[in-house]
Amino acid sequence: MTDEPTRMMASPAGPEKTLLATPEADPLRTQMGGTTVCPVCHATTPALESYCCECGFLLSGPVPESLEVALEEAPPAELVELETGRRYRLRVGDNTVGRQGTDVLLLDATVSRNHARIHVENGQISVEDLGSTNGTKVGDLRLTPNQPVSVTSGTLLRFGNVQLRLEVRGGETAEKTVAIAAPSSETTLLASAAQPEETASPVARLRKLEGPGNELSVPAGVSRIGRRPTNELIVTGDAYVSGLHAEIRVENGEAWLMDVGSTNGTFVNGTRLTPNQPQLLANGDEVKIGQTSYRFEWVEPSQPEEPPQDMREPQVEQPNEEANDASET
């Protein structure tokens, strides 16, 4: 036998096949203790789930091109919610914090509608309470309303019962591990105020027209809509619905629907809602959440049952006087 190198000859049946190298794992999609990190919103999802529980992104799909642009334009600072890990981007200038129509939307009963303001300018960040009911804390310090206080990366902030950590781009986090203090009597008092009320009778319905989701019964007050089990109105079966997708408020005979920054949007009669801008609903409006279409309908109030008729005593027949007169004659 000769030592000449073996050459691969083309097969008569067709051209030579080329073996492709196995692509490397996407560094943005990693496994951490049985969970998957979403490359879009960075939320953690159980490893067996196909879609992100927060934004609905298909975890096995390609990373969208728009993500690269978003990574290049990283915000100057972010707030990270300690309980859920959700991130809130802060822009240069004023960022309002509250429960309705604010830049940082915290849907918690202990957070005021217009709770606080965070100002970002030239690498300096300050926090100011706007006269909220349950106050704003920087670390253990409760802020005096309308008096800004400077904060740095790693500072713990609390708005009502919601605790967040400030992360500044390029800044070093003060603590790698955050220890949450034992609840005080004040915390217990605030927590009791945030307890959900007992389930009330629905005053309206989102009646399903088509799509994979489920029908929703809407009670009075404020209800969060999404796939999270902590929402008042939980959408099941529709992976295009975000973990926290929208909010519906029913009061004084009116219903207002608001998208809270969902990935795939909320639509009313074919028009996509602007995030954090409430839209008044009319009876019969068509609402689309994720891939599920609904019709908004008011529930007719139940009519009280009529009281039973009074039991009347049988009337005794009176003798016919004319007949008696005729018999006498």
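Looking at an unreviewed UniProt entry, one finds the chain named FOG: FHA domain, with Chthonomonas calidirosea as its source organism.

A. Fine view of the overall build of the chain. Helix and strand content of the chain: 3 helices and 24 strands. Counting over 329 residues, the chain shows a buried share of 34%. Of the accessible surface of the chain, which amounts to about 21,400 Å², a share of 49% is contributed by carbon and sulfur atoms.

B. Highlighting the sheet that holds strand 13 (residues 162-168). If you walk across this open sheet you meet the 6 strands as 4-3-13-12-9-10, and the pairing is antiparallel. Each having just a single partner strand, strand 4 (87-90) and strand 10 (141-142) make up the two edges of the open sheet. One ladder, built from 5 bridges, connects strand 3 (residues 77-81) with strand 13; its direction is antiparallel. In the sheet register, Ala77 faces strand 13, and the bridge partner there is Val168.

C. Spotlight on the packing of aromatic side chains. For the coordinates displayed, the defined rule picks out 1 aromatic pair. Ring centres of Phe296 and Trp298 lie 5.2 Å apart, and the angle between their planes is 80°; this geometry places the pair in the edge-to-face category. The exposure class assigned to Phe296 is buried, which follows from its relative accessible area of 0%.

D. Focus on the nonpolar core. Leu79, Leu90, Leu106, Ile118 and Phe159 are the most contacted members of the largest nonpolar core, which has 21 residues in total. Residues in contact with Leu90, not counting those within four places in the same chain, are Pro75, Pro76, Ala77, Glu78, Leu79, Asn95, Val104, Ile118, Val120 and Leu166. Counting 20 residues, the second-largest nonpolar core is a separate cluster that includes Val218, Leu233, Ile248 and Val268.

E. A look at the environment of His119. As for its position among the elements, His119 is in strand 7 (residues 116-121). Judged by its relative accessible area of 29%, His119 is partly exposed. Non-local contacts of His119, meaning those with residues more than four positions away in its chain, are made with Gly93, Asp94, Gln124, Ile125 and Ser126. Among the polar contacts listed, one links the side chain of His119 to the side chain of Asp94, at a separation of 2.6 Å.

F. Local environment of the side chain of Asp129. Tracing the sequence through the fold places Asp129 in strand 8 (residues 124-129). Arg142 provides the closest opposite charge to the buried, unpaired Asp129, separated from it by 6.6 Å. Among the polar contacts listed, one links the side chain of Asp129 to the side chain of Ser132, at a separation of 2.7 Å. Not counting chain neighbours up to four residues away, the residues in contact with Asp129 comprise His115, Ala116, Gly135, Thr136, Leu143, Pro145 and Asn146.

G. Spotlight on the pattern of salt bridges. Enumeration over the complete set of coordinates arrives at 9 salt bridges. Linking Arg165 and Glu167 is a salt bridge whose minimum nitrogen-to-oxygen distance equals 2.9 Å. A single burial state applies to Arg165 and to Glu167, both of which are buried. Bridged by salt links that share partners, the residues Glu78, Arg87, Arg165 and Glu167 form one connected network.

H. Structural view of the pairing of strand 5 (residues 93-98). Pairing of strand 5 with strand 7 involves 5 bridges; the strand directions are antiparallel. Bridging across to strand 7, Val97 finds its partner in Ala116. Direction of pairing for strand 5 relative to strand 6 (residues 104-105): parallel, over a ladder of 2 bridges. In the sheet register, Gly98 faces strand 6, and the bridge partner there is Leu105.

How each quantity is defined
- Residues numbered from 1 in each chain as written.
- Predicted model: local features only at pLDDT ≥ 70, side-chain atom pairs only at ≥ 80, totals over all residues.
- Heavy atoms only, no water.
- Helix = DSSP H or I, 4+ residues; strand = E, 2+ residues; numbered from the N terminus.
- Buried < 20%, exposed > 50% of the residue type's maximum accessible area, 1.4 Å probe, protein only.
- Areas by Shrake-Rupley, 256 points an atom, 1.4 Å probe, with all protein chains shown as cover.
- Pairing = 2+ DSSP bridges.
- Phe/Tyr/Trp six-rings, centres within 6.5 Å; stacked < 30°, edge-to-face > 60°.
- Core = buried A, V, L, I, M, F, W, Y, C linked by side-chain atoms within 4.5 Å.
- Contact = heavy atoms within 4.5 Å.
- Polar contact = N/O pair within 3.5 Å; in protein donor to acceptor, adjacent residues only side chain to side chain.
- Lys, Arg positive; Asp, Glu negative; His and termini not counted.
- Salt bridge = Lys/Arg side-chain N within 4 Å of Asp/Glu carboxyl O.

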